[in-house]
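Inside the fold
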Amino acid sequence: RADRAASTSTVTGSSLAKRDEIGDILLFGGVAKRRMSPVSLNVVAGALFDAQGRVLIAQRPPGKALAGRWEFPGGKLDDGEDAFAGLARELREELGVAVAAAEPLIRYSHPYPDRVVWLDMWVVTEWSGVPHGLDGQALKWVQLDALPGEDILEADQPIIAALLTSQSSRRC
C-alpha cells in the first residue's frame, strides 16, 4: 500500500504533517498515527399507522443516549441481515408486533461525532398485534401534521419530511 499511496506534506511550525492519498495515516514529527474512520452503523425503522391515520413514535428510555427524545421504532441490523427481515425482527422485539408487509420510504446517512448511521425507513403497510414498549419505552400515536412539533431526534427529521410528502402525494 505504501508504494501506491501518493503523499502530501504540510509544514506547520516545526513539525511536518504528512497524509497519504487515502487519508488514514498521519505523520506528525515522524510518528505515525492512524486516523480512525467513523464506524458505520445500519439501522432500520418503521412507520406504523393506526386506523385514525396516526403514526407511532417511541421515546428513548432512561440510560440510553438521547434519553427522553422521540424516534421511529426500529434498531440496528445484524451483520448481513436483509433490511425487511431486520425491520420485522426489530418491531417484534421492540413492540411485539408482527410485520407482514412494508414499503421502503427513504434511506440516508446521519453523521454523529463517533459514527455514521445509515437509516433505512419503511412504511409498514400490514401488521398485526398491539404495540407495547417491550424495552421500557413510552409509545405515542401522533397525527402526521403534528410530528414537526414533537421532540424527534435530529437523525429522524428527514423521515418526517418524507412521510409528509408521501401523505400529500397519496391525497392527489
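Everything discussed here concerns the structure shown above.
The sections below set out a description of the structure shown in this document. (Residues numbered from 1 in each chain as written. Predicted model: local features only at pLDDT ≥ 70, side-chain atom pairs only at ≥ 80, totals over all residues. Heavy atoms only, no water.)

1. With respect to the sheet that holds strand 11 (residues 139-142)
In spatial order, the strands read 7-6-11; together these 3 strands make up an open sheet with antiparallel pairing. Two strands bound the open sheet, and with one partner strand each, they are strand 7 (70-71) and strand 11. Pairing geometry for strand 6 (residues 55-59) and strand 11, over 4 bridges, is antiparallel. Bridged to Ala 58 within strand 11 is Leu 139. (Pairing = 2+ DSSP bridges. Helix = DSSP H or I, 4+ residues; strand = E, 2+ residues; numbered from the N terminus.)

2. So, the side chain of Glu 94
Secondary-structure assignment places Glu 94 in helix 1 (residues 83-95). Buried charge Glu 94 goes without a salt bridge, the closest partner of opposite sign being Lys 64 at 6.7 Å. One polar contact links the side chain of Glu 94 to the main-chain amide nitrogen of Gly 74, over a distance of 3.2 Å. Excluding its chain neighbours within four sequence positions, the residues that come into contact with Glu 94 are Ala 58, Pro 73, Gly 74, His 132, Gly 133, Leu 134, Asp 135 and Gln 137. (Buried < 20%, exposed > 50% of the residue type's maximum accessible area, 1.4 Å probe, protein only. Lys, Arg positive; Asp, Glu negative; His and termini not counted. Salt bridge = Lys/Arg side-chain N within 4 Å of Asp/Glu carboxyl O. Polar contact = N/O pair within 3.5 Å; in protein donor to acceptor, adjacent residues only side chain to side chain. Contact = heavy atoms within 4.5 Å.)

3. Comments concerning the sheet that holds strand 10 (residues 115-128)
By definition, the strands of a sheet pair up through backbone hydrogen bonds, in either a parallel or an antiparallel sense. Taken together, 4 strands build an open sheet; the order of strands is 8-5-10-9 and the sheet is mixed. The sheet is open, and its two edges are formed by strand 8 (74-76) and strand 9 (98-111), each paired on a single side. Going from strand to strand, the sheet's axes swing by 20° on average, the running direction of each strand aside. Lying on the sheet, helix 1 is in contact with strand 5 (39-47), strand 8, strand 9 and strand 10; it crosses strand 9 at an angle near 105°. (Axes fitted to C-alpha atoms, helices over the stretch in contact; angles between N-to-C directions.)

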